[in-house]
Amino acid sequence: MKLSDGSVKPTPSILIFVFYILSILSLTMAVKHLEISISYAVWSGLGTALIATIGVAWFGEPLTGIKTIALVLTIVVSSPFIWVAEERSPP
C-alpha cells in the first residue's frame, strides 16, 4: 500500500490484491490440514511477522530491540500450534 501512492500507481495497487488473494489461499490450504483456530492463529501471527520483516528489509524501517524480540516471540509462539495440530490430525 505504501508503494501504491494512494492507489494512484496501478502496478502496486494490483499487487496488493494479488497478495491478498495469495494470503487467503494459504489460509484455505492450512485449514485443510489444521483446525481452523490453529490455522488462523498461525496464519495471522506468521503473516504479521512476515510483513514486519518486509518493512525492515524493503522499506528500511528500523529493527529495534523490541521489534526483534516481538518477531522472535511471534514465530516461537506460533510454531507449537503446528506441532500440536499435527499430533491430533487423523492419519
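1. Focus: the packing of aromatic side chains
Part 1: Counted by the stated rule, this structure contains 2 aromatic pairs.
Part 2: With a centroid separation of 6.5 Å and an interplanar angle of 75°, the aromatic rings of F17 and Y20 are classed as edge-to-face. A residue pair is termed a helical-turn pair when its members lie 3 or 4 positions apart in one helix, as F17 and Y20 do in helix 1 (residues 10-33) at 3 residues.
Part 3: With relative accessibility at 56%, the residue F17 sits in the exposed group.
Part 4: Between the aromatic rings of Y40 and W43, the centroid separation amounts to 5.4 Å while the plane-to-plane angle is 45°, which identifies the pairing as tilted. Of this pair, Y40 and W43 both sit in helix 2 (residues 36-59), separated by 3 residues, roughly a single helical turn.
Part 5: Judged by relative accessible area, W43 falls into the partly exposed class, the value being 23%.

2. Description of the confidence of the model for the chain
Part 1: Looking at the chain as a whole, its pLDDT mean stands at 82, while 81% of the residues score no less than 70.
Part 2: Looking over the chain, one finds the lowest element-wise mean pLDDT in helix 3 (residues 65-88), namely 80, and the highest in helix 2, namely 87.

3. Thoughts on the side chain of S39
Part 1: Within the secondary structure, S39 sits in helix 2.
Part 2: The class of S39 is buried, set by a relative accessible area of 2%.
Part 3: When near neighbours in sequence (up to four residues on either side) are disregarded, S39 contacts L27, A30, V31 and L34.

4. Side note on the pattern of salt bridges
Part 1: Across all of its chains, the model carries 1 salt bridge by this definition.
Part 2: Ionic pairing is found between E61 and K67, a salt bridge with its closest N-O pair at 3.7 Å.
Part 3: Residue classification places E61 among the partly exposed positions, given a relative accessible area of 33%.

5. Points about the packing of helix 1 against helix 2
Part 1: Where helix 1 meets helix 2, the closest approach of the two axes is 9 Å, and the angle between their N-to-C directions is 145°. As for the relative orientation of helix 1 and helix 2, their crossing is right-handed in sense. Note on element contacts: helix 2 touches helix 1 through I36, S39, Y40 and W43, opposite S23, I24, S26, L27, A30 and V31.

6. A short note on helix 1
Part 1: Given a rise of 1.5 Å per residue, 24 residues ought to cover 34 Å, and the 36 Å separating the end C-alpha atoms of helix 1 matches this to within 8%.
Part 2: Turning to helix 1, its buried residues number three or more, namely S13, I16 and L27.
Part 3: Where helix 1 is buried, its residues meet helix 2.

7. Focus: the environment of F81
Part 1: Looking at where F81 falls in the secondary structure, it is placed in helix 3.
Part 2: Assessed through its relative accessible area of 34%, F81 is described here as partly exposed.
Part 3: Once the C-alpha coordinates of F81 and L34 are considered, the two residues, 47 residues apart in sequence, prove to be 9.3 Å apart.
Part 4: Those residues in contact with F81 that lie beyond four places of it in its chain are I38 and V42.

Definitions and limits used
- Residues numbered from 1 in each chain as written.
- Predicted model: local features only at pLDDT ≥ 70, side-chain atom pairs only at ≥ 80, totals over all residues.
- Heavy atoms only, no water.
- Phe/Tyr/Trp six-rings, centres within 6.5 Å; stacked < 30°, edge-to-face > 60°.
- Helix = DSSP H or I, 4+ residues; strand = E, 2+ residues; numbered from the N terminus.
- Buried < 20%, exposed > 50% of the residue type's maximum accessible area, 1.4 Å probe, protein only.
- pLDDT = per-residue confidence, 0-100.
- Contact = heavy atoms within 4.5 Å.
- Salt bridge = Lys/Arg side-chain N within 4 Å of Asp/Glu carboxyl O.
- Axes fitted to C-alpha atoms, helices over the stretch in contact; angles between N-to-C directions.
- Left-handed = near helix turned anticlockwise from the far one by under 90°.
- Expected span 1.5 Å × (residues − 1).

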